[in-house]
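Each chain is listed here by its residues.
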Amino acid sequence: MAAGEAAVPLPGALLAGKVALVVGGTQGIGIGIARAFLGAGAKVVVAGRDKARMDAVVEDLTAVAGPGHVTGIQVDVLDVPANTAVVEATVAHFGALDILVTVAGVFRPAELVEVTEEDFDAQMDLNLKGTFFGVQAAARYFLADGRPGKIITVSSVAGRRAFPGSSVYGASKAAVEHLTKVFAGELAPHGINVNCLVPGSIQTPTNWLLNRPGAAEESAAGTPARRNGLLVDMGAAAVYLASGAADFVHGAALVVDGGVAAVG
Ligand SMILES: NC(=O)c1ccc[n+]([C@@H]2O[C@H](COP(=O)([O-])OP(=O)(O)OC[C@H]3O[C@@H](n4cnc5c(N)ncnc54)[C@H](O)[C@@H]3O)[C@@H](O)[C@H]2O)c1
């Protein structure tokens, strides 16, 4: 090891002593990321709109991680000031914030001629505006506190490839990747890393594209890795980007898709 280089932390302790806020952590990929963060030693806030679902997730995660490691905070990211409130509530509960993940997102598949104005606004508002103001709230906290931080956004392979029925969703996710790069450049001088996860087909309970009969098998067959993604795949990638192992990684888009984007 060259002089001046610190050892990379061991995987089990990658996030020891860190506090993570997973916005959209009460369902699907967000739960996978929250679980992986707990496994890597972080304290975790799962934030989402639905209180009953949030309480159930906190109970499940507490059963695995033990008491005091995870809590839930209700938030609707469409309410812009609520993004600041959830950061403040996280700091009030765990004493700090080190990691933000903006997972909340929505996909309303529809071809051009079918898309309604409501479909358009719902996807742009949650995926783009929600991500923007979530990141802004965390960045303001990190900057005011003079502390380094890790921010992870979530886009989609649909933001890179032209899948029929995904025009608005894909545009919102392409925009998330673009925002991520701009934020990364603005915040890197302050020791704040902003990076993006780019999921492919991830098997979640609400992924209706995969949950239709035969769809999961079809999707797996069309994926170079010959399987769909799992929550642990997303969790492991998020742990890396949230950890000190990624201190020199700014504005990256980490594609977790079994090779779909690479061959497209
Ligand atoms: N599942 C996939 O295959 C896949 C593929 C590519 C990208 N993605 C992206 O990954 C992210 C998670 O996907 P998922 O499949 O787990 O979705 P999901 O629908 O299962 O979960 C979405 C989460 O966002 C939260 N949420 C929704 N609206 C909210 C609001 N207004 N305020 C706060 N929270 C809100 C929900 O409570 C939920 O916890 C999304 O951004 C999605 O676009 C998913």
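Calculation notes
Residues numbered from 1 in each chain as written. Predicted model: local features only at pLDDT ≥ 70, side-chain atom pairs only at ≥ 80, totals over all residues. Heavy atoms only, no water. Pairing = 2+ DSSP bridges. Helix = DSSP H or I, 4+ residues; strand = E, 2+ residues; numbered from the N terminus. Axes fitted to C-alpha atoms, helices over the stretch in contact; angles between N-to-C directions. Contact = heavy atoms within 4.5 Å. Near = heavy atom within 4 Å. Polar contact = N/O pair within 3.5 Å; in protein donor to acceptor, adjacent residues only side chain to side chain. Areas by Shrake-Rupley, 256 points an atom, 1.4 Å probe, with all protein chains shown as cover. Parallel < 35°, antiparallel > 145°, perpendicular 65-115°, else oblique. Left-handed = near helix turned anticlockwise from the far one by under 90°. Nonpolar A, V, L, I, M, F, W, Y, C, P; charged D, E, K, R; others polar. Right-handed = clockwise from strand over helix to strand, strands pointing away.

> Even after reading the chapter, I still don't get the sheet that holds strand E6 (residues 192-199), so can you show me in this structure?
Two strands in a sheet stick together by hydrogen bonds in their backbones, pointing the same way (parallel) or opposite ways (antiparallel). Taken together, seven strands build an open sheet; the order of strands is E3-E2-E1-E4-E5-E6-E7 and the sheet is parallel. The two strands at the open ends of the sheet, each matched to only one other strand, are strand E3 (70-74) and strand E7 (253-256). The sheet shows a mean angle of 20 degrees between the axes of neighbouring strands, direction not considered. Across five bridges, strand E1 (residues 19-23) lies against strand E2 (residues 43-48) in parallel orientation. Within E2, the residue paired with Val 22 across the bridge is Val 46. Here helix H1 (residues 28-39) sits on the sheet in contact with E1, E2, E3, strand E4 (99-102) and E6, set at roughly 170 degrees to E1. Across the sheet, helix H2 (residues 51-65) lies against E2 and E3, angled at about 170 degrees from E3, the strand it touches most.

> Help me understand the site of the ligand, please; the structure alone is not making it clear to me.
Near the ligand, the surroundings consist of 27 residues, among which Ile 29, Arg 53, Asp 76, Tyr 169 and Thr 206 are the closest. A distance of 2.7 Å separates an oxygen atom of the ligand from a polar side-chain atom of Arg 53. With respect to the ligand, the backbone of Gly 200 contributes an N or O atom lying 3.3 Å from an oxygen atom. Starting from 830 Å² of accessible surface for the ligand in isolation, the protein chains cover 91%. When residues of the shell around the ligand are traced back to their parent elements, those giving at least two are H1 and helix H5 (167-187).

> What exactly am I supposed to notice about the packing of H1 against helix H8 (residues 231-242) here?
Helix packing for two helices is described by the angle between their axes and how far apart those axes are. Remark: H1 packs on H8, axes separated minimally by 8 Å, with the N-to-C direction vectors making an angle of 55 degrees. Here H1 is positioned oblique relative to H8, judged by the angle of their axes. In the crossing of H1 with H8, the sense of the turn from one axis to the other is right-handed. Across the interface between the two elements, Gly 28, Ile 29, Gly 32, Ile 33, Ala 36 and Phe 37 of H1 pack against Leu 231, Met 234, Gly 235, Ala 236, Ala 238, Val 239 and Ala 242 of H8. When its residues are assigned to classes, the contact of H1 with H8 shows 10 nonpolar, three polar and no charged.

> In this structure, what is going on with the pairing of E3? I would like to understand it.
Regular strands place their side chains on alternate faces of the sheet. Direction of pairing for E2 relative to E3: parallel, over a ladder of five bridges. The residue of E3 that forms the bridge with Ala 47 is Ile 73. What joins E2 to E3 is H2, and the crossover it makes is right-handed.

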